[in-house]
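Report on the structure
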Amino acid sequence: MKKIIEDFIQKESSSGILLIIATILALMMNNSFMSGVYQTFLHIPIEVRISALHLDKTLLHWVNDGLMVIFFFLIGLEVKRETLEGHLSTLKQAALPGIAAVGGMAIPAVIYLAFNFGNPIAVNGWAVPCATDIAFALGVLSLLGKRVPISLKIFLLALAIIDDLGAIVIIAVFYTSQLSMASLAVAGVALAALIILNLLGVTKKTPYFLIGVILWVAVLKSGVHATLAGVALAFTIPLYGKRKNENGEFESPLKELEHSIHPWVAFFILPVFAFVNAGVNLSGMSISQMFGPVPLGIMLGLFLGKQLGVFGFSWVAIKLKIAKLPEQSNWMQLYGVSILTGIGFTMSLFILTLAFEDDSLFQYTDKLAILLGSLMSGVIGYLVLRIFKPHTKQTS
């Protein structure tokens, strides 16, 4: 289990560097003579037609509705593994990150709504500051080395996974357009077939993926966001098979998939997503625009809301003895990690694409607010954790 956690953290940390590079590259291209090339690239039409099935989308939409399905598939695998045998498998283990995650979603939403409650269009973005980007957050922690106890890294990892699960629920409930009952029926049949495969103990991956493709197309056409198909597919993948490997342990289709997909998500899918979504056009943007209700709600939601929600709810849970302070840590270190949860970035950008279909609706100040709120959370969180060290030395 320790090796799995360390492997996970290492990959997510390395991915953060690529995300930064992709973001900077997108900003440079869209704010230079390459702007036309960048926009043309985003809107390359890609069409797939198989008999009556017709999918016609731009490259930007293929990334957001296609590649990101794999990202959410990975999240689903992580949630299932952690729930069945990981750090969310018992109430005692899940208590602190679970309570902290609830606060980290509720308070940012309240702050955003306080600024935008009277605007029926802007109010749709209430969930934008509720997410945590695990790649960036763990990337910052990796820069601190042994200054941060492994217990706090596990706390952040578990919190981010619960946070992602909350984002999935939010997308399913609040960001669903008009529904196609015929497509939903096909999706229901496909999901039932996947569940039957699981109950029958089928461990070969091919049947799951073939039916998974049908599920994705049906969900894509149904009006429910396509990324939810990835989560549904992940929940049907068996954790353990019936055969044993060379070490005498039962094979795990879920862990094998998680291990093989993780590098592709960390080093390709998320950087590509960042590149096509983070290219904010700064031309004509003024400082006064950044003090508008939408960007202000997002920035304060991420930077203040996340830390207040995560730390505040954690403090109450620990004081009420519902949960315990992570081992070898102190209150200031817990506060520093709480600040890091304000790094929303990829998940916030993704929810933003669902909340506002027209990405220029607020002159890109909403996207810039995500970048600035995430940047402030990363820098301040790093400084707090750099200053306040653990009470005792960590055991190896």
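The notes below deal with the structure included here. Just so you know, the residues in each chain are numbered from 1, in the order the chain's sequence is written. The predicted origin of the model limits local features to residues at a pLDDT of at least 70 and limits the giving and counting of side-chain atom pairs to 80 or more, whereas totals for whole chains, interfaces and linings rest on all residues. Side-chain calculation: all heavy atoms of the structure are included, whereas hydrogens and water are not.

Some words on the overall build of the protein chain
- Only DSSP runs of H or I with at least four residues qualify as helices, and only runs of E with at least two residues qualify as strands; both kinds are numbered from the N terminus onward. Assigned secondary structure in the protein chain consists of 14 helices and two strands.
- For 396 residues, the compact-globule formula gives about 21 Å, and the C-alpha radius of gyration of the protein chain, at 21 Å, lands near that figure.
- Its C-alpha atoms put the protein chain at 65 × 65 × 40 Å along the principal axes.
- Each residue is placed in one exposure class: buried if its accessible area under a 1.4 Å probe, protein chains only, is under 20% of its type's maximum, exposed if it is over 50%, and partly exposed if it falls in between. Looking at the protein chain residue by residue over its 396 residues, the buried ones come to 54%.
- Throughout, a contact is declared for two residues whenever any of their heavy atoms are within 4.5 Å. If you take every contact in the protein chain between residues at least 6 apart in sequence, the share linking residues at least 24 apart comes to 79%.
- Calculation of accessible area relied on Shrake-Rupley with a 1.4 Å probe; when residues are assessed, cover is drawn exclusively from the protein chains displayed. Carbon and sulfur atoms form 69% of the exposed surface of the protein chain, whose accessible area is close to 18100 Å². Atoms considered for the radius of gyration are the C-alpha atoms alone. The globule rule reads 2.2 Å times the number of residues to the power 0.38.

With respect to unusual backbone geometry
- Notably, Gln328 is not glycine yet its phi reads approximately 60 degrees, a positive angle.
- Tracing the backbone through its elements, the reader meets Gln328 in the loop between α11 (293–319) and α12 (331–340).
- Residue classification places Gln328 among the partly exposed positions, given a relative accessible area of 26%.
- The backbone phi angle of Phe345 is positive, close to 35 degrees, even though this residue is not glycine.

Notes on the packing of helix α3 (residues 59–85) against helix α13 (residues 345–355)
- Lines fitted to C-alpha atoms define the axes here, with helix axes fitted over just the stretch in contact, and angles between the N-to-C directions of these axes take values from 0 to 180 degrees. Where α3 contacts α13, the two axes come as close as 13 Å, and the packing angle between them is 140 degrees. Between α3 and α13, the angle is such that the two are oblique. Once α3 is placed against α13, the crossing between them reads as left-handed. Along the contact surface, α3 presents Asn64, Met68, Phe71 and Phe72, while α13 presents Met347, Phe350 and Thr353.
- Residue polarity is assigned by list, with Asp, Glu, Lys and Arg as charged and Ala, Val, Leu, Ile, Met, Phe, Trp, Tyr, Cys and Pro as nonpolar; anything else, Gly included, falls into the polar class. Across the contact of α3 with α13, the residue classes break down as five nonpolar, two polar and no charged. With respect to orientation, any angle under 35 degrees is reported as roughly parallel, any angle over 145 as roughly antiparallel, any angle of 65 to 115 as roughly perpendicular, and every other angle as oblique. A clockwise turn of the near helix away from the far one marks a right-handed crossing, whereas an anticlockwise turn of less than a right angle marks a left-handed crossing.

Comments concerning the environment of Trp216
- Considering the arrangement of structural elements, one finds Trp216 in helix α8 (residues 205–222).
- In sequence terms Trp216 and Val316 are 100 residues apart; their C-alpha atoms lie 41 Å from each other.
- Filtering out sequence-adjacent residues up to four positions away, Trp216 remains in contact with Leu55, Trp62, Asp65, Gly66, Val69, Ala226 and Ala229.

A few points about the nonpolar core
- Core analysis: the largest hydrophobic core is formed by 121 residues, its most contacted members being Phe71, Phe72, Leu141, Phe155 and Trp216.
- Excluding residues within four positions of it along the chain, Phe155 makes contact with Leu96, Pro97, Ala100, Val310, Ser314, Pro326, Leu334 and Val337. For the purposes of this section, nonpolar cores are sets of buried Ala, Val, Leu, Ile, Met, Phe, Trp, Tyr and Cys residues that join through side-chain atoms within 4.5 Å.

A short note on a nonpolar patch on the surface
- Two joining distances apply to patches: 9 Å for like charges and 5 Å for nonpolar side chains (Val, Leu, Ile, Met, Phe, Trp, Tyr), and every residue must have over 30% relative accessible area and no salt bridge. Counted as salt bridges are all cases of a side-chain nitrogen of Lys or Arg within 4 Å of a carboxyl oxygen of Asp or Glu. On the surface, Met332, Leu372, Leu375, Val379, Ile380, Leu383, Ile387 and Phe388 cluster together into a nonpolar patch covering about 670 Å² of accessible area.
- Of the residues examined, Phe388 reaches a relative accessible area of 34% and is grouped as partly exposed.

Section: the packing of aromatic side chains
- Note on aromatic contacts: the rings of Phe and Tyr and the six-membered ring of Trp form a pair at centre separations within 6.5 Å, being stacked when their planes are under 30 degrees apart, edge-to-face when over 60 apart, and tilted otherwise. On inspection of all chains with the given rule, the structure shows 11 aromatic pairs.
- On the numbers, 5.4 Å between centres and 75 degrees between planes, the contact of Phe311 with Tyr335 is edge-to-face. With Phe311 in helix α11 and Tyr335 in helix α12, this residue pair connects regions lying 24 residues apart in the sequence.
- Following the ring pairs from residue to residue traces out a cluster consisting of Phe71, Phe72, Phe273 and Phe350.

Structural notes on the packing of helix α6 (residues 150–174) against α13
- Where α6 meets α13, the closest approach of the two axes is 12 Å, and the angle between their N-to-C directions is 5 degrees. Judged by the angle between their axes, α6 and α13 are roughly parallel. Contacts from Asp164, Ala167 and Ile171 in α6 reach Met347, Phe350, Ile351 and Leu354 in α13.
- Taken together, the residues that form the contact of α6 with α13 break down as six nonpolar, no polar and one charged.

Any link to function would need more than the numbers given here.
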